[in-house]
Amino acid sequence: MPEVISVNPANGESLPHRVSQSTPEEVAASFRAAREAQKDWADTSFAHRKRACLKVRRYLAANADRAARVVSETNGKTYVDALQTEVVPCLMAVEWYANNADSILASHSIGGGHPFFANKRNTLQYLPVGVVGIISPWNYPFAIPFGEVIMGLMAGNAVLLKVATPSVLVGEFIAECIAAGGLPDGLFAHLVVSGSQCSKQFLANKIDKIFFTGSVPVGKQLMREASDSLTPLSLELGGNDPAIVLDDANLERTSNGIIWAAYQNCGQSCGAVERVYVDERVYAPFLAHLKAKTKALRHGDPSAHPEVELGAITTKGQLETIKAHMKDALDKGAVIEAESQPVGDISKGLFHPAVLLTNVTDDMLLVKEETFGPLLPVMKYSMLSDAVKRANNDDLALTSSVWTESTQRFRKIAERLETGVTTQNDHLYTHGCAETPWGGWKRSGLGRTHGSLGLREMCNAKVINTEMLPSYLAPRNLWWYGNERSVKGFRGMVSFLAPSSVADFFNGVSAVVAFSPKMLSRWEVPDAPLPPACPVSRLVTAFAVAFLPVAAGCFYYSKSRQNSA
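Residues numbered from 1 in each chain as written. Predicted model: local features only at pLDDT ≥ 70, side-chain atom pairs only at ≥ 80, totals over all residues. Heavy atoms only, no water.

Mind showing me how you'd approach the packing of aromatic side chains here?
Aromatic rings in a pair are described by how distant their centres are and how their planes are angled relative to each other. Evaluated as defined, the whole model comprises ten aromatic pairs. An angle of 80° between the planes, with centres 5.5 Å apart, marks the rings of Trp 96 and Tyr 97 as edge-to-face. Judged by relative accessible area, which is 22%, Trp 96 ranks as partly exposed. Residue Tyr 97 is classed as buried on the basis of its relative accessible area of 1%. Ring geometry for Phe 142 against Phe 173: centres 6.0 Å apart, planes inclined by 45°, an arrangement best described as tilted. Of this pair, Phe 142 sits in the loop between β5 (131-135) and α5 (143-154) while Phe 173 is found in helix α6 (residues 168-179), placing the two residues 31 residues apart along the sequence. Take Phe 142 and Phe 173: they sit in the same class, and that class is buried. What links up through ring pairs into an aromatic cluster is the set Phe 142, Phe 146 and Phe 173. Its end group placed over the ring of Tyr 79, Arg 69 keeps NZ or CZ at 4.4 Å from the ring centre. Positioned over the ring face of Tyr 140 is Lys 77, at 4.2 Å from the centre of the ring. (Phe/Tyr/Trp six-rings, centres within 6.5 Å; stacked < 30°, edge-to-face > 60°. Buried < 20%, exposed > 50% of the residue type's maximum accessible area, 1.4 Å probe, protein only. Helix = DSSP H or I, 4+ residues; strand = E, 2+ residues; numbered from the N terminus. Lys NZ or Arg CZ within 6 Å of the ring centre and 35° of its normal.)

As structure tokens, this is what we get:
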């Protein structure tokens with residue numbers, strides 16, 4: 001099979017380590033090994049899984065510098081960016097999942113719903129899905145898949161990982177970290193297959209669930225492919241995030257935060273700020289902050305010039321998209337207010353300056369679509385309702401932010417913004433919080449990763465239903481077939497549940513009391529063998545007949561109080 005050659009996008013140099021692509025036979029063998037290993041892993045305790053994952057964490061901590069460097073070399077971002085947005089959050093994530101998976105995924109009883117089912121008890125369980133497939137992108141080549149791998153393992157699954165082709169060396173390092181946990185052979189595998197073949201091979205080998213992070217078109221294609229087998233998916237498909245700046249915002253913090261959230265990783269973040277709406281009363285001073293700080297930024301090859309804040313664009317295709325959005329905006333009248341400054345020779349790499357733009361309109365591509373690059377359009381508003389409407393006018397709905405010193409104002413606006421996450425005086429960072437679910441609305445995807453919701457996405461939910469009374473005391477349910485007596489009983493149940501008056505309620509109680517002994521009596525049919533009569537059941541019947549009116553009165557009183565409230 002051919003080898004994958006990784007290239008540093010900041011200088012065009014090939015990296016020395018090469019990785020062979022996985023053959024279809026190797027992929028199939030990995031699935032077989034994963035299924036065998038997962039059977040035993042699912043039976044292990046959370047404490048056992050925690051110990052293994054904390055070993056992985058210790059290995060990552062001991063090799064943090066190497067992790068940041070392999071991310072920087074393959075992705076083009078700066079070393080400090082890789083360290084602070086990928087390595088450190090993963091160290092925190094492992095600890096959080098290891099310490100909290102047992103309580104989040106523990107079986108728990110479901111409270112009783114209605115006296116009609118008083119004999120029933122329900123327990124909700126979270127069971128491992130089985131073999132989980134993770135298809136991860138190149139923009140956060142370590143942080144995105146690593147956290148999902150740990151979630152999958154802590155939930156009791158086997159995990160097969162496919163990283164983006166430019167990031168195969170990061171995938172190899174992830175495999176190295178996971179191996180340090182001493183996991184059973186086959187429980188985790190890094191598969192090197194092309195993007196076009198990955199989903200096909202996953203589905204052909206009957207993957208139990210796929211977690212995909214990438215573009216909307218590829219996510220739709222994956223849904224079509226998975227529809228034949230109804231294979232469940234979790235999809236994170238990007239965003240076109242708005243930030244709304246209010247008139248009381250602290251302009252120093254706001255400009256600092258938006259500059260970082262827009263240009264960090266060269267804007268190649270699905271949760272980056274892509275649109276800024278500023279109250280016209282603070283527009284001019286706020287723009288002055290943005291101009292000065294954009295001009296102060298430097299871009300270049302981080303391996304040769306570690307002082308730069310911005311590295312390279314990761315792929316040629318993404319650089320072309322950024323240029324196309326920039327040209328479209330300028331052709332339609334946008335104005336460049338400031339740009340970052342190049343450092344050193346940037347002719348051999350994939351670079352684009354951070355660009356601050358004004359005179360931007362809603363029909364421009366960089367407003368309508370996700371640019372995924374270091375372009376920051378700033379627009380003013382006079383009416384807050386207009387800013388919220390424009391912020392919501394997008395099919396992508398991942399995250400948003402509101403910049404204000406008033407938490408009360410923030411909460412009111414946040415409730416109106418149609419995104420999966422809304423933050424106050426900050427943006428983008430919540431992906432680094434293991435405890436906060438990550439995901440969006442609309443075309444931003446399906447499901448959630450991270451937090452309690454992310455862990456439960458790694459499981460199948462199952463209800464276990466048991467009975468309080470032994471079968472010899474309750475040989476039948478009230479709803480098992482029926483006759484004229486049953487009709488009268490269930491009509492009484494209607495009056496009991498939704499009475500039109502107090503008299504109607506107690507008529508219903510009377511009918512239910514007369515009907516309820518059915519579940520405690522035998523079904524007497526010709527030629528059917530009958531068990532000996534149980535005197536205890538007669539006592540239970542007598543107790544039920546005496547107790548039901550009292551319980552019904554309490555129930556009616558409670559319901560009346562709720563309705564009046």
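Now that the structure has been shown, the text picks up again.
Would you explain helix α16 (residues 484-497) in this entry?
For an α-helix, 3.6 residues make a turn, and residues three or four places apart therefore share a direction. Spanning 14 residues, α16 covers 20 Å between terminal C-alpha atoms, matching the ideal 20 Å at 1.5 Å per step. When we look at burial in α16, the residues that qualify are Ser 486, Gly 489, Gly 492, Met 493, Ser 495 and Phe 496. For α16, the N-terminal capping position is held by Asn 483, with its side-chain oxygen 2.9 Å away from the main-chain nitrogen of Arg 485. (Expected span 1.5 Å × (residues − 1). Polar contact = N/O pair within 3.5 Å; in protein donor to acceptor, adjacent residues only side chain to side chain.)

Honestly, the environment of Cys 266 in this entry has me stumped. Any pointers?
In this fold, Cys 266 is placed in the loop between α9 (251-263) and β11 (273-279). Along the sequence, Cys 266 and Pro 353 sit 87 residues apart, while their C-alpha atoms lie 8.4 Å from each other. Ignoring sequence-local partners within four residues, the contact set of Cys 266 consists of Leu 310, Gly 311, Ala 312, Ile 313, Phe 372, Gly 373 and Pro 374. (Contact = heavy atoms within 4.5 Å.)

What exactly am I supposed to notice about the pairing of strand β15 (residues 355-358) here?
Because side chains alternate across β15, one face comprises the buried residues Val 355 and Leu 357, and the other comprises Leu 356 and Thr 358, equally buried. Direction of pairing for β15 relative to strand β16 (residues 375-381): parallel, over a ladder of three bridges. By the bridge assignment for β16, Leu 356 is matched with Leu 376. (Pairing = 2+ DSSP bridges.)

Can you walk me through the nonpolar core in this structure?
Looking at soluble globular proteins, one finds that nonpolar side chains tend to be buried together. Counting 136 residues, the largest nonpolar core has Leu 60, Phe 146 and Ile 178 as the members making the most contacts within it. If one sorts the elements of this core by residue count, helix α4 (residues 79-104) sits on top with nine residues. Discounting chain neighbours no more than four positions away, the residues touching Ile 178 are Val 56, Phe 146, Val 149, Ile 150, Leu 153, Leu 183 and Phe 188. (Core = buried A, V, L, I, M, F, W, Y, C linked by side-chain atoms within 4.5 Å.)

Can you walk me through helix α8 (residues 216-227) in this structure?
Its twelve residues place the ends of α8 16 Å apart at the C-alpha level, agreeing with the 16 Å of an ideal helix rising 1.5 Å per residue. Taken residue by residue, α8 has Val 216, Gly 219, Leu 222, Glu 225 and Ala 226 as its buried positions. The opening residue of α8 is Ser 215, an N-cap whose side-chain oxygen sits 3.3 Å from the backbone nitrogen of Val 218.

Hey, could you run me through the packing of helix α2 (residues 46-62) against α4 in this one?
In a packed pair of helices, the relevant descriptors are the angle between the two axes and the axis-to-axis distance. Axis separation between α2 and α4 bottoms out at 9 Å; the angle between their running directions is 170°. One way to sum up the angle between α2 and α4 is to call them roughly antiparallel. Here α2 contributes Phe 46, Lys 50, Cys 53, Leu 54, Arg 57, Leu 60 and Ala 61 to the contact with α4, which in turn contributes Val 87, Cys 90, Leu 91, Val 94, Glu 95, Ala 98, Asn 99, Ala 101 and Asp 102. Along the lines of polarity and charge, the residues of the contact of α2 with α4 split into eleven nonpolar, one polar and four charged. (Axes fitted to C-alpha atoms, helices over the stretch in contact; angles between N-to-C directions. Parallel < 35°, antiparallel > 145°, perpendicular 65-115°, else oblique. Nonpolar A, V, L, I, M, F, W, Y, C, P; charged D, E, K, R; others polar.)

Is there a simple way to explain unusual backbone geometry in this structure?
Most peptide bonds take the trans form, and the phi angle of most residues other than glycine is negative. Positive phi outside glycine occurs at Lys 442, with the angle close to 50°. Assignment of secondary structure puts Lys 442 in strand β20 (residues 441-442). Lys 442 gets classed as partly exposed once you look at its relative accessible area, which sits at 39%.

Looking at this model, I keep getting lost on a nonpolar patch on the surface. Mind explaining?
Residues Phe 117, Trp 479, Trp 480, Tyr 481, Phe 490, Trp 523 and Val 525 make up a contiguous nonpolar surface patch of about 800 Å² in total accessible area. Position of Trp 479 among the secondary structure elements: in the loop between β22 (459-467) and α16. (Patch = residues over 30% accessible without salt bridge, like charges linked within 9 Å, V, L, I, M, F, W, Y side chains within 5 Å. Areas by Shrake-Rupley, 256 points an atom, 1.4 Å probe, with all protein chains shown as cover. Salt bridge = Lys/Arg side-chain N within 4 Å of Asp/Glu carboxyl O.)

Looking at this model, I keep getting lost on the environment of Val 80. Mind explaining?
Mapped onto the fold, Val 80 is located in helix α4. Note on Val 80: relative accessible area 45%, which makes it partly exposed.

Shape is all these values report; function is a separate question.
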